[in-house]
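# Secondary and tertiary structure notes
Here is how the chains run, residue by residue.
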Amino acid sequence: MQAALFRLVQFVIFVASPTLAMAASNTLPREAVVIETASGPVSFEAEIARTPSEQAKGLMFRQSLGEREGMLFVYPRQVASMWMKNTYISLDMLFIDEHGRIVRIARETEPFSAAIITSGTPVTGVLEIGGGLARRLGIAVGDRVRHPHFPEP
């Protein structure tokens, strides 16, 4: 009986290890991101995804995201395309132009979906936050995002 239990525990560790390792290795340095909303500033601590490899991983395999946490993808000016494959949590995706203005919000995206979500217009950043937060915090298209990647006008 003990041997069978030991083998079961070994199997669970073996199966879970790659997923846990992928999730753990996905943490990037954090920086402050502030959104100027109609009702005042809203601050986030966002991991910054700068390289194609970091951007490809994004928030995949994450089981949770704190209330004021997120991930900021920074790009040269381009039409951005995202998806939710291997993403366990619903997200709001804020597409941001080169002036730091939110030009589109994809609200409460569907976990694990392979549907492509695009900015529709060229952007230089995408901020992903917890699904439903944009609505709850009053974040809207036209709001200004403050971060060193977006120069002051």
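Look a little higher up for the structure.
Heads up: these notes are all about the structure in this document. (Residues numbered from 1 in each chain as written. Predicted model: local features only at pLDDT ≥ 70, side-chain atom pairs only at ≥ 80, totals over all residues. Heavy atoms only, no water.)

Moving on to the sheet that holds strand β3 (residues 69-82). With mixed pairing, the seven strands of this open sheet are ordered in space as β5-β4-β6-β3-β2-β1-β7. At either end of the open sheet lies a strand with only one pairing partner, and these are β5 (102-106) and β7 (144-146). Direction aside, the axes of adjacent strands within the sheet are offset by 35° on average. Bridging between strand β1 (residues 30-37) and β7 involves three bridges; their strand directions are antiparallel. (Pairing = 2+ DSSP bridges. Helix = DSSP H or I, 4+ residues; strand = E, 2+ residues; numbered from the N terminus. Axes fitted to C-alpha atoms, helices over the stretch in contact; angles between N-to-C directions.)

On to the nonpolar core. Membership of the largest hydrophobic core comes to 20 residues, with the highest contact counts inside it found for F44, L72, L127 and I139. For this core, the elements supplying multiple residues, two or more each, are β1, β2 (40-49), β3, β4 (91-96), β5, β6 (117-130) and α3 (133-137). Here this core takes four residues from β2, the largest share from any one element. Dropping the residues within four chain positions of it, I139 is found in contact with I35, T37, F44, L94, I102, I105, R107, I129 and A134. Among the nonpolar cores identified, the runner-up in size contains 18 residues, and M71, Y75, A106 and V123 belong to it. (Core = buried A, V, L, I, M, F, W, Y, C linked by side-chain atoms within 4.5 Å. Buried < 20%, exposed > 50% of the residue type's maximum accessible area, 1.4 Å probe, protein only. Contact = heavy atoms within 4.5 Å.)

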